[in-house]
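Observations on chain architecture
Letter by letter, the chains look like this.
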Amino acid sequence: MKVVPLGFTTASMVQAVRESTIMISTGSSKLDELLGGGFESGSLTEIYGEFRTGKTQLCHTLAVTCQLPLAQGGAEGKAMYIDTEGTFRPQRLIAIAERFGMDSAAVLDNVAYAKAHNCEHQSELLVAAAGMMAEARFGVIIVDSVTNLYRTEYEGRGELSARQMHLGKFLRQLARLADEFGVAVVVTNQVVANPDGNAMFAGANAMKPIGGNIMAHASTTRLALRKGRGENRIAKIACSPVLPESEAQFSRRWASRTRRIKRLGGTRGMGRDDERGSDATTLRARARAKAMTAGVVSTTPPALRSVVEEKTDENNENRPTHARR
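Residues numbered from 1 in each chain as written. Predicted model: local features only at pLDDT ≥ 70, side-chain atom pairs only at ≥ 80, totals over all residues. Heavy atoms only, no water.

It is worth spelling out the overall build of the protein chain at this point. Of regular secondary structure, the protein chain possesses 14 helices and twelve strands. When burial is assessed residue by residue, the protein chain has 39% of its 325 residues classed as buried. Partitioning the intrachain contacts of the protein chain with sequence separation of at least 6 by distance along the chain shows that 62% fall at a separation of at least 24. Accessible surface for the protein chain amounts to roughly 18,800 Å². Of this, 53% is attributable to carbon and sulfur atoms. (Helix = DSSP H or I, 4+ residues; strand = E, 2+ residues; numbered from the N terminus. Buried < 20%, exposed > 50% of the residue type's maximum accessible area, 1.4 Å probe, protein only. Contact = heavy atoms within 4.5 Å. Areas by Shrake-Rupley, 256 points an atom, 1.4 Å probe, with all protein chains shown as cover.)

Moving on: the environment of Glu 180. Mapped onto the elements, Glu 180 comes out in helix α8 (residues 160-181). For the pair formed by Glu 180 and Met 133, sequence separation is 47 residues and the distance between their alpha carbons is 10.0 Å.

Right, let's talk about the packing of aromatic side chains for a bit. What the rule picks out here adds up to four aromatic pairs. Seen from their ring centres, Tyr 81 and Phe 88 are 4.8 Å apart, and the 55° between their planes marks the pair as tilted. Its relative accessible area of 12% is what places Phe 88 among the buried residues. An angle of 40° between the planes, with centres 6.4 Å apart, marks the rings of Tyr 81 and Tyr 113 as tilted. In this pair, Tyr 81 is assigned in strand β4 (residues 78-83) and Tyr 113 in strand β5 (residues 111-115), connecting sequence segments 32 residues apart. Here Tyr 113 falls in the partly exposed class, since its relative accessible area comes to 38%. (Phe/Tyr/Trp six-rings, centres within 6.5 Å; stacked < 30°, edge-to-face > 60°.)

Moving on, we come to the packing of helix α6 (residues 119-135) against α8. Between α6 and α8, the least distance of the axes is 10 Å, while the angle of their chain directions is 10°. Comparing the axis directions of α6 and α8 gives the class roughly parallel. Side by side, α6 and α8 meet where Cys 119, Glu 120, Gln 122, Ser 123, Leu 126, Ala 130, Met 133 and Ala 134 of the first sit next to His 166, Phe 170, Gln 173, Leu 174, Leu 177 and Phe 181 of the second. The residue inventory of the contact of α6 with α8, partitioned by class, reads nine nonpolar, four polar and one charged. (Axes fitted to C-alpha atoms, helices over the stretch in contact; angles between N-to-C directions. Parallel < 35°, antiparallel > 145°, perpendicular 65-115°, else oblique. Nonpolar A, V, L, I, M, F, W, Y, C, P; charged D, E, K, R; others polar.)

Now for the side chain of His 166. Tracing the chain through its elements places His 166 in helix α8. Here His 166 falls in the buried class, since its relative accessible area comes to 15%.

With that out of the way, let us pick up unusual backbone geometry. In this structure, Ser 145 follows Asp 144 across a cis peptide bond, with omega equal to -10°. Positionally, Ser 145 belongs in the loop between β6 (138-144) and α7 (148-153). The backbone phi angle of Arg 52 is positive, close to 60°, even though this residue is not glycine. You can see Arg 52 is positioned in the loop between β3 (44-48) and α3 (55-65). Residue Arg 52 is classed as partly exposed on the basis of its relative accessible area, which comes to 47%. If you check the backbone angles, Glu 76 has positive phi at about 55° while not being a glycine. Take Glu 76: it is sitting in the loop between α3 and β4.

Along β3, five of the five residues are buried, which leaves the element largely enclosed by surrounding structure. Where burial is concerned, the two faces of β3 agree: the one with Leu 44, Glu 46 and Tyr 48 and the one with Thr 45 and Ile 47 are both buried. The pairing of β3 with strand β7 (residues 184-189) spans five bridges and is parallel. Within β7, the position partnered with Glu 46 by the bridge is Val 187. (Pairing = 2+ DSSP bridges.)

Turning our eyes to something else, we now look at the sheet that holds β4. In spatial order, the strands read β5-β4-β6-β7-β3-β10-β11-β12; together these eight strands make up an open sheet with mixed pairing. Either end of the sheet is taken by a strand with one partner, and the two such strands are β5 and β12 (247-251). Taken over all neighbouring pairs, the strand axes of this sheet differ in orientation by 20° on average, direction set aside. Where strand β10 (residues 221-227) and strand β11 (residues 232-239) come together, six bridges link them in antiparallel fashion. Bridge pairing links Arg 222 to Cys 239 in β11. The strands touched by α3 are β3, β4, β5, β6, β7 and β10; relative to β6, the strand with the most contacts, the crossing angle is about 160°. Those strands touched by α6 are β4, β5 and β6, and its axis lies near 170° from that of β4.

Bringing the confidence of the model for the protein chain into the picture now. Looking at the protein chain as a whole, the pLDDT averages 81, with 73% of positions reaching at least 70. Scored below 50 in pLDDT, residues 254-282 shows 31 contacts in the model against residues more than four places distant or in partner chains. (pLDDT = per-residue confidence, 0-100.)

Put into structure tokens, the structure is as follows:
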């Protein structure tokens, strides 16, 4: 049981407590720098963005990095993963564990997973989570995503008030777990189109996170993700009590390279430069160039090749005899 002071204290004592805060790495140096070291323990961090911006991939990475030692940006604790969208994949944890040189079997055993089927079940899982955290050390609680079930169970403006009240209680439970057990709480959130007329002006955000002010006030730090060029993603600090509003660009290419190397039978100890050299497209291009040098491969497509051959035969027949010689 944690003793909570009911009276006033000094700012120096608060500062002393804040010095023990653990920052859990995101797996990206640029994103860690943006967040001041990583995801903060004892607080609630919200990650929102449209589909395929990397929210779930960040959650999978966090479920692995929280098990790292403190010196390596971890929390030396287990991960608790509440899934509401059905996007949890253990094979992603295995790939991420291999990237950090960790035992994949031990990593999977240290992740407590639960699938939430409705809003009531989602809240009940937090009661079970509190009992588990009282018996073992956990570093992070992940909810992906926190508003998915609320969007389908509460419909229309008539149920908006009930939805917001239930969502507020759930977020309050998460905040209490973060404060009592010192774990980092990370939730993902979906977005909707912003119908505000100001969205037509340059620089205005056309998307806004679900949950309204209830979600905004419950989150300590809000991280907005959006798509960049190719596999690049752009993260922006939308709200934080200490971090400035700034952006950082990071890439998810290492994940796709890991999958390609595994299909090609690559070694585990390869670095980033070796991964680029083992890209499937690069290997095929090199093999094709080598075959072309040996004169065994034609770059002309089969359909076009037949047309070219027929045209060549026709020109040879119409050419004068002395020209052929």
